[in-house]
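Coordinate inspection notes
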Amino acid sequence: MSKVSVLGAGTWGCAIAILLANSGHDVTIWTKIEAEARMLNENRKSMKNLPGAQMPDQVKITLDLEDACNDKDLLVMAVASPYIRSTSHIASPYIKEGQIIVNVSKGIEDGSLSTLSEVISDEIPQADVAVLSGPSHAEEVSRGIPTTIVVGARTKETARFIQDVFMTDVFRVYTSPDIIGIELGGSLKNVIALAAGCVDGLGYGDNTKAALMTRGMAEISRLGVKMGGKIETFSGLSGFGDLFVTCNSKHSRNWNAGYLMGQGKTMQEAMQQVGQVVEGINSAKAALALAEKNDVEMPIVEQINLVLFEGKASKDALYDLLGRDKRKEYKSLDWE
Ligand SMILES: NC(=O)c1ccc[n+]([C@@H]2O[C@H](COP(=O)([O-])OP(=O)(O)OC[C@H]3O[C@@H](n4cnc5c(N)ncnc54)[C@H](O)[C@@H]3O)[C@@H](O)[C@H]2O)c1
């Protein structure tokens with residue numbers, strides 16, 4: 001049994017707390033938001049964002065960050081991506097040397113273009129920061145639906161420790177040394193999910209969506225490898241696995257926002273209707289900046305940015321993608 005604190009009491013933080021508590025760990029959830037803590041305490045048996053799931057009574061809910069960080073074997077960072085830096089900053093004084101923190105949030109920081117584990121390491125340099133990512137909707141994990149995921153860590157020992165803590169008979173955890181590849185796949189797939197939502201909203205078919213997903217992953221892996229990720233990671237759980245689930249699921253807020261835009265709504269209207277943070281919208285801007293910085297061609301990312309921020313019609317964006325110059329599928333594959 002390990003002592004674990006989950007920082008962030010959103011949908012994913014709660015699902016992870018349920019998973020860990022049900023396998024016998026001593027779990028605390030910290031949130032900065034008083035109303036969220038109160039709601040969670042009052043509604044353990046009927047959670048609005050996790051229908052059919054129950055928060056075990058033994059899970060402690062606290063507003064005291066020092067208490068949450070002290071004397072824990074593992075901290076799970078699960079606040080929404082825009083708050084990773086501020087949360088890490090206020091937690092840092094309570095974090096001991098070598099404390100393992102596993103980041104489960106997805107995104108690229110605005111401005112710095114850092115991955116979220118880099119942001120945590122910036123603010124908490126004494127921590128051993130790892131990542132956990134893959135096709136894992138909170139709604140399903142919280143109900144014990146079989147799920148697989150990958151943990152990326154600096155050392156084999158840390159990866160195996162996190163694997164041991166999380167693994168159950170329905171939650172299978174693989175290990176990997178490729179932290180940057182895992183994080184880039186997990187963040188950038190949200191951008192492609194917006195585009196996939198758009199083509200579904202426009203009423204196109206399976207062929208069109210498969211094309212977007214496949215060529216979208218080609219863009220993500222081109223950028224990811226240039227930034228130091230390993231090519232295998234992009235066809236793995238945090239790469240194609242997560243892209244697949246995000247582009248094909250009713251649970252995905254990115255897909256839903258894209259769907260509404262495909263039906264003619266503006267980005268603002270779509271965000272309002274989805275009613276939660278649509279991280280792909282921030283990630284789209286960041287992906288474009290990373291593509292420019294690393295001199296990588298990302299045509300789908302370019303077009304989705306025009307749809308999101310310049311009011312381009314999604315149908316025009318799709319036809320501009322189809323009408324690009326002829327080319328080979330892979331530059332690396334050629335005739336002798
Ligand atoms: N929901 C999922 O199925 C799922 C699965 C895998 C990964 N993720 C990732 O996990 C992260 C969290 O997602 P979520 O679905 O739980 O989002 P959410 O919107 O349900 O929860 C985000 C949480 O962030 C915290 N927060 C909000 N404002 C804050 C502030 N100012 N300071 C500190 N904390 C604050 C709150 O506890 C809030 O509940 C995202 O990056 C998401 O991509 C989500």
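What follows concerns the site of the ligand. Close to the ligand lie 22 residues, the nearest being Glu36, Ser105, Ala138, Arg253 and Glu279. In this structure, Trp12 approaches the ligand through a main-chain N or O atom, which is 2.8 Å from an oxygen atom. When the ligand is considered free in solution it has 820 Å² of accessible area, and contact with the protein chains removes 85% of it. Within the shell around the ligand, the residues separate by chemical class into 9 nonpolar, 8 polar and 5 charged.

This part covers the environment of Ser136. Tracing the chain through its elements places Ser136 in the loop between strand 6 (128-133) and helix 6 (138-141). We classify Ser136 as buried; its relative accessible area is 12%. For the pair Ser136 and Phe171, spaced 35 residues apart in sequence, the C-alpha separation works out to 9.6 Å. Setting aside its immediate chain neighbours within four residues, Ser136 contacts Trp12, Val141, Thr147 and Ile149.

Within this structure, the stated rule accounts for 3 aromatic pairs. Summarising the aromatic geometry, the rings of Phe166 and Phe171 are spaced 6.3 Å apart at their centres and angled 35° between planes, so their arrangement reads as tilted. Across the pair, Phe171 and Phe166 agree in class, each one buried. Here the basic side chain of Arg172 rests over the ring of Tyr174, its NZ or CZ set 4.9 Å away from the ring centre.

Moving on to the packing of helix 12 (residues 253-262) against helix 13 (residues 267-274). It is at 9 Å that the axes of helix 12 and helix 13 come closest, and there the two elements cross at 135°. Comparing their axes, helix 13 and helix 12 come out oblique. In this structure, helix 12 crosses over helix 13, and the sense of that crossing is right-handed. Between helix 12 and helix 13, the residues in contact are Arg253, Asn256, Ala257, Leu260 and Met261 and Met267, Ala270, Gln273 and Val274, respectively.

Looking at the assigned domains, one finds that the protein chain contains domain 1 (3-177) and domain 2 (180-322). Between the C-alpha centres of domain 1 and domain 2 the distance comes to 25 Å. Across the contact, 29 residues belong to domain 1 and 24 residues belong to domain 2. Regarding the contact of domain 1 and domain 2, the summed buried area is about 2100 Å², with carbon and sulfur atoms giving 63% of it. There are 1 salt bridge connecting domain 1 and domain 2. Among the ionic pairs, Lys106 bridges to Asp242, the shortest N-O distance being 2.8 Å.

So, about the layout of surface pockets. In this structure, the second largest pocket spans a volume of roughly 930 Å³. Arg215, Ala218, Arg222, Arg324 and Glu329 are, among the 28 residues lining the second largest pocket, the residues nearest its centre. Going through the elements one at a time, helix 9 (206-226), helix 15 (299-310) and helix 16 (314-322) are the ones with two or more residues in the lining of the second largest pocket. Looking at which element gives the most residues to the lining of the second largest pocket, the answer is helix 9, with 11 residues. Looking at the lining of the second largest pocket residue by residue, the classes come out as 13 nonpolar, 4 polar and 11 charged.

Positive phi outside glycine occurs at Asp71, with the angle close to 60°. Note that Asp71 resides in the loop between helix 3 (65-69) and strand 4 (74-77). Even without glycine at this site, Asp295 takes up a positive phi of about 55°. As for its placement among the helices and strands, Asp295 is situated in the loop between helix 14 (279-294) and helix 15. What makes Asp295 exposed here is its relative accessible area of 66%.

Applying the stated criterion across every chain, the model contains 13 salt bridges. A salt bridge links Arg324 to Glu297; the shortest N-O distance between them is 3.1 Å. Of this pair, Arg324 sits in the segment after helix 16 while Glu297 sits in the loop between helix 14 and helix 15; the two residues are 27 residues apart in sequence, bridging distant segments of the chain. Note on Glu297: relative accessible area 34%, which makes it partly exposed. Each of Arg85, Glu109, Asp122 and Glu123 takes part in salt bridges that share partners, so that together they form one network.

Criteria and thresholds
Residues numbered from 1 in each chain as written. Predicted model: local features only at pLDDT ≥ 70, side-chain atom pairs only at ≥ 80, totals over all residues. Heavy atoms only, no water. Near = heavy atom within 4 Å. Polar contact = N/O pair within 3.5 Å; in protein donor to acceptor, adjacent residues only side chain to side chain. Areas by Shrake-Rupley, 256 points an atom, 1.4 Å probe, with all protein chains shown as cover. Nonpolar A, V, L, I, M, F, W, Y, C, P; charged D, E, K, R; others polar. Helix = DSSP H or I, 4+ residues; strand = E, 2+ residues; numbered from the N terminus. Buried < 20%, exposed > 50% of the residue type's maximum accessible area, 1.4 Å probe, protein only. Contact = heavy atoms within 4.5 Å. Phe/Tyr/Trp six-rings, centres within 6.5 Å; stacked < 30°, edge-to-face > 60°. Lys NZ or Arg CZ within 6 Å of the ring centre and 35° of its normal. Axes fitted to C-alpha atoms, helices over the stretch in contact; angles between N-to-C directions. Parallel < 35°, antiparallel > 145°, perpendicular 65-115°, else oblique. Left-handed = near helix turned anticlockwise from the far one by under 90°. Domains from an automatic or database assignment. Buried area = accessible area lost by both parts, 1.4 Å probe. Salt bridge = Lys/Arg side-chain N within 4 Å of Asp/Glu carboxyl O. 1 Å grid on protein atoms, 1.4 Å probe; cavity = no way out; pocket = protein on both sides within 12 Å on 5 of 7 lines; lining within 4 Å. Points joined across faces, edges and corners; volume = space filled by probe spheres on them.

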